[in-house]
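Notes for the structure review
Spelled out, the chains give:
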Amino acid sequence: MDPVVIPILVAAIVVVFLVAATVRIVPQARRYNIERFGRYRRTLQPGLNFVLPVADRVNTKLDVREQVYSSDPKPVITEDNLVVNIDTVLYYQITDPRAAAYEVADYLQAIDQLTVTTLRNVIGSMDLEQTLTSREEINTRLRTVLDDATGKWGIRVNRVEIKAIDPPNTIKEAMEKQMRAERDKRAAILHAEGERQAKILTAEGTKQKDILEAQGTQQAMILRADGEAKAVERVFQAVHRNNADPKILAYKYLETLPHLAKSDNNTFWVIPGELTEAVRAVTSAFGDQSTMGLPESGQPEGTTTTDGASDEGGTAELEAGSTLSLDAAAAADEVAKQAAAAVSDAKAEAEAARASQVPGRGQTSGD
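Residues numbered from 1 in each chain as written. Predicted model: local features only at pLDDT ≥ 70, side-chain atom pairs only at ≥ 80, totals over all residues. Heavy atoms only, no water.

Before going further, it helps to examine the overall build of the protein chain. Along the backbone of the protein chain there are eleven helices and nine strands. In the protein chain, which comprises 367 residues, the proportion classed as buried is 23%. Sequence-distant contacts, at least 24 apart, represent 63% of the contacts inside the protein chain between residues at least 6 apart. With an accessible surface of roughly 25100 Å², the protein chain has 56% of that area assigned to carbon and sulfur atoms. (Helix = DSSP H or I, 4+ residues; strand = E, 2+ residues; numbered from the N terminus. Buried < 20%, exposed > 50% of the residue type's maximum accessible area, 1.4 Å probe, protein only. Contact = heavy atoms within 4.5 Å. Areas by Shrake-Rupley, 256 points an atom, 1.4 Å probe, with all protein chains shown as cover.)

Here is the structure:
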């Protein structure tokens, strides 16, 4: 090999090495701390950077993006002497790479221990109930303490969240029983409230139904009364227009009596005092018709006749008149019997209806 080529190759290798040792390419969101002869020199920013070979070296490479750190559950004692395990999640970001590398040896361990001590101070002043219901307050107090302590380390704590709070198993069972009792209580209250609303609605519906039925009954009774009034008015006008005499009215009165006892609701039947007057009026009516066949007192046939024929004729007329009087009396008796029979039948039907409605009292009412 040519002796000139060897020095050239050696020089080329040295140049390549020097270039490689001089150039530093830093990725985005990364920071490199450079030391020169063991002393901090500067922090390389993202991009192409040049350093002195051999003299400068990269000490630490840090990520300045926001990062998440989840710690293991730590036992903490509450104010009421209960041990709970609390698991926290920390969101932090490196703001000063030099301080994060040189102000603290291990910033993650420092943050973890600071979180535990702060939690013990905060939780120690709260009982279990407050601990379980005051997560926002605990998070705020933790963030304030950690942000103040980690500021000189070049780290900013953005958020601190409590991921889990685990009380002892006995406390969990008691809490479950309490929650079950609360749910049963709410269910019973809701059920009672539902029944109350249902009863109120049912009562309102029944009330509206009764009101509507009463209004319907009232309207029906008014219409029925108006119809009966108009019917009575027409009958009254017809009677007065036709000039009916008291005999016809008395006879119609007797015809109406049997219908009074045919109603199912009648338990007793009162015989009106006008019954005898009606029977008397009918009897007098038939009696007046029988007197129409008798000769008048002024007729000459009964007084001026001298022979026997005329006397026999008068006797015959008198006998006919007496026959008519007997027929009228018989008719009046028949009407009276029919009226009495109708009254007896009505009373019997009323007694039977009352005996069927009230057992054991039929004989007493009939006596």
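With that out of the way, let us pick up the nonpolar core. Ranked by internal contacts, the top residues of the largest apolar core, which has 28 residues, are I86, L90, L119, I138 and I155. Contributing elements (two or more residues each) for this core: β8 (83–94), α3 (107–123), α5 (135–150) and β9 (155–166). The greatest single-element share of this core, amounting to seven residues, is contributed by α3. In this structure, I155 is in contact with Y92, Q93, I94, T95, Y107, I111 and T150, ignoring residues within four places of it in sequence. Membership of the second largest hydrophobic core comes to five residues, among which are V26, Y32, I34 and L44. (Core = buried A, V, L, I, M, F, W, Y, C linked by side-chain atoms within 4.5 Å.)

Taken as a whole, this structure holds two aromatic pairs when the rule is applied. Taking 5.6 Å as the distance between ring centres and 65 degrees as the angle between the ring planes, the aromatic pair formed by Y40 and Y102 counts as edge-to-face. You can see Y40 sitting in strand β3 (residues 39–44) and its partner Y102 sitting in helix α2 (residues 97–102), a full 62 residues away along the chain. Relative to Y107, the ring of Y92 has its centre 6.1 Å away and its plane inclined at 65 degrees; by these criteria the two rings are edge-to-face. Taken as a pair, Y92 in strand β8 and Y107 in helix α3 lie far apart in primary sequence, 15 residues in all. Per residue, the accessibility class of Y92 equals that of Y107, and both read buried. Over the aromatic face of Y91 sits the side chain of R159, whose NZ or CZ is 6.0 Å from the ring centroid. (Phe/Tyr/Trp six-rings, centres within 6.5 Å; stacked < 30°, edge-to-face > 60°. Lys NZ or Arg CZ within 6 Å of the ring centre and 35° of its normal.)

Glancing now at α5. The end-to-end C-alpha distance of α5 is 22 Å, a good match for the 22 Å that 16 residues give at a rise of 1.5 Å each. Regarding α5, the residues found buried are I138, N139, L142, L146 and T150. Down the axis of α5, the buried side of the element spans an arc of 95 degrees, and every buried residue falls inside it. Of the residues in α5, the exposed ones pointing more than 90 degrees away from the buried face are E136 and D148. Residues of α5 that are buried make contact with β8, α3, α4 (128–133) and β9. (Expected span 1.5 Å × (residues − 1). Arc of directions from axis to C-beta.)

Here the focus is a positive patch on the surface. Judged by side-chain charge, K177, R180, R183 and R186 come together as a positively charged surface patch. By the secondary structure assignment, R186 is in helix α6 (residues 169–242). (Patch = residues over 30% accessible without salt bridge, like charges linked within 9 Å, V, L, I, M, F, W, Y side chains within 5 Å. Salt bridge = Lys/Arg side-chain N within 4 Å of Asp/Glu carboxyl O. Lys, Arg positive; Asp, Glu negative; His and termini not counted. Charge placed at Lys NZ, Arg CZ, Asp CG, Glu CD.)

It is worth spelling out the sheet that holds β3 at this point. Spatially, β3-β2-β5 is the arrangement adopted by the three strands of the open sheet, whose pairing is antiparallel. Pairing within the sheet leaves two strands with one partner each, and these edge strands are β3 and β5 (56–63). Taken over all neighbouring pairs, the strand axes of this sheet differ in orientation by 25 degrees on average, direction set aside. Two elements, strand β2 (residues 30–36) and β3, share five bridges in a ladder whose sense is antiparallel. Within β3, the residue paired with N33 across the bridge is T43. (Pairing = 2+ DSSP bridges. Axes fitted to C-alpha atoms, helices over the stretch in contact; angles between N-to-C directions.)

A few words now on the confidence of the model for the protein chain. Here the protein chain averages 75 in pLDDT, and 67% of its residues register 70 or above. Mean pLDDT in the protein chain bottoms out at helix α9 (residues 301–304), which sits at 39, and peaks at β2, which reaches 91. A low-confidence stretch, residues 288–326 stays under pLDDT 50, and its non-local contacts, those more than four residues away or across chains, total eleven contacts. (pLDDT = per-residue confidence, 0-100.)

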